[in-house]
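# Fold and contact review
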Amino acid sequence: MATAPVLETSPPPVAEAPAAPLKKGILSHWRLYAAISPFYLLFLAFGLIPVGFSLYLSFHRWDGLGSMEFAGLSQYRYLLSDSQFWTSIGNTIVIWALATIPMIFLAMVTAVLLNSAVRFKNVYRFAFFLPNVTSIVAVAIIFGSVFSTNFGLMNAVLQAFGLDQVAWLNTPWGIKVAIATLMTWQWTGYNAIIFLAGLQTIPGELYEAARMDGAGPVQTFFRITLPLMRPVLLFVLIISTVTGLQTFSEPQVLLQTTDNNSSFAGGPGHSGQTMVLYFFQQTFDNNDFGYGAAVAWGIFLVVIIFSIINWRLVQRRGED
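Computed from a prediction, not measured in an experiment: that's the story for all the values here. (Residues numbered from 1 in each chain as written. Predicted model: local features only at pLDDT ≥ 70, side-chain atom pairs only at ≥ 80, totals over all residues. Heavy atoms only, no water.)

## Section: the overall build of the protein
In terms of regular secondary structure, the protein is built from 13 helices and two strands. Taken over 320 residues, the protein has a buried fraction of 35%. Look at the contacts in the protein between residues 6 or more apart in sequence, and 64% of them connect residues 24 or more apart. (Helix = DSSP H or I, 4+ residues; strand = E, 2+ residues; numbered from the N terminus. Buried < 20%, exposed > 50% of the residue type's maximum accessible area, 1.4 Å probe, protein only. Contact = heavy atoms within 4.5 Å.)

## A word on the pattern of salt bridges
One side chain can pair with another of opposite charge once the charged atoms of both are near each other. All chains considered together, the criterion is met by one salt bridge. Here Arg61 makes a salt bridge to Glu69, at a shortest N to O gap of 4.0 Å. Take Arg61: its relative accessible area is 39%, and that puts it in the partly exposed class. (Salt bridge = Lys/Arg side-chain N within 4 Å of Asp/Glu carboxyl O.)

## Considering the packing of aromatic side chains
Within this structure, the stated rule accounts for 23 aromatic pairs. Where Phe284 meets Phe289, the ring centres are 6.1 Å apart and the plane angle is 85°; that geometry is what we call edge-to-face. Connected via pairs of aromatic rings, a cluster forms that spans Phe53, Tyr56, Trp62, Phe248, Phe264, Phe279, Phe280, Phe284 and Phe289. (Phe/Tyr/Trp six-rings, centres within 6.5 Å; stacked < 30°, edge-to-face > 60°.)

## Details of the side chain of Ser58
Position of Ser58 relative to the elements: it lies in the loop between α1 (30–57) and β1 (60–61). Of the polar contacts made by the side chain of Ser58, one reaches the backbone oxygen of Leu55; its length is 2.6 Å. At a separation of 2.6 Å, a polar atom in the side chain of Ser58 contacts the side chain of Tyr76. Excluding residues that lie within four positions of it along the chain, Ser58 makes contacts with Gly72, Gln75, Tyr76, Gly290, Ala293, Ala294 and Trp297. (Polar contact = N/O pair within 3.5 Å; in protein donor to acceptor, adjacent residues only side chain to side chain.)

## Concerning unusual backbone geometry
Unusually for a residue other than glycine, His270 sits at a positive phi of about 55°. Tracing the chain through its elements places His270 in the loop between α11 (249–255) and α12 (275–285). Even without a glycine there, the phi angle at Asn287 is positive, about 55°. Its location among the elements puts Asn287 in the loop between α12 and α13 (289–319). For Asn287, a relative accessible area of 40% translates into the label partly exposed.

If you want it as structure tokens, here you go:
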């Protein structure tokens with residue numbers, strides 16, 4: 001007797017509970033925003049607001065205590081004709097060039113030597129990076145003794161070779177060389193570590209292939225190392241430009257005893273007065289906060305222009 005086939009039936013679907021409505025907007029993530037808010041509040045209080053106020057202040061005359069007087073663009077017109085400001089720009093550019101060119105060369109050579117070292121690599125890295133974390137005030141005082149006219153180490157070396165003494169901190173070029181030497185000593189190790197990090201990203205197979213093709217060390221450096229290090233070189237050049245054009249502590253501490261009128265004068269004849277030193281002199285010695293703000297924005301423009309020039313030069317060499 002045939003039986004009827006049993007049809008398998010699936011259980012009826014269970015009705016799912018309606019999903020809770022999603023919260024929309026900033027309130028749904030308020031905990032995340034609260035966690036990162038301290039940084040933005042501090043940046044607003046100590047970064048954005050002061051920058052905006054300095055721009056507002058540059059259009060006014062103010063001695064820091066009395067009422068502000070609107071001056072319009074007169075501060076900037078005077079800035080363009082201020083010979084001392086242009087002198088400070090020239091001093092800054094010369095000091096920056098005297099410090100940056102040998103510093104980048106020495107940093108690259110140091111990085112190549114550290115990259116090829118086999119033993120005590122970490123010790124060498126620490127030793128070369130140490131000047132960058134040393135107090136610049138203490139270092140400037142020591143360099144002031146090194147470049148002293150009567151008892152300095154530099155003049156002792158010159159006398160040992162039968163040369164005359166040089167009044168390093170009292171002559172225009174002596175002042176610039178002393179400041180540039182201090183900056184080179186301070187930043188060479190820092191940039192060498194950055195170059196070393198870039199060298200370690202280059203595959204070793206490229207060097208092995210170059211050696212098999214008969215390329216020497218010089219050809220390998222200019223055909224492989226230098227082209228692949230161009231982004232790192234651009235970074236170091238931009239950072240060196242930004243920091244070099246804002247030089248303040250080195251000349252201020254090194255030359256503060258060579259001029260009795262102001263600690264921001266930059267030595268005799270303002271030979272070591274950088275743009276930032278001139279800004280401090282106008283703001284705090286002359287109590288001209290409005291013009292000081294205009295000088296600060298002039299410094300910002302100079303730094304931007306030189307950074308763009310350096311970036312374009314490096315990029316053009318890369319295209320060539």
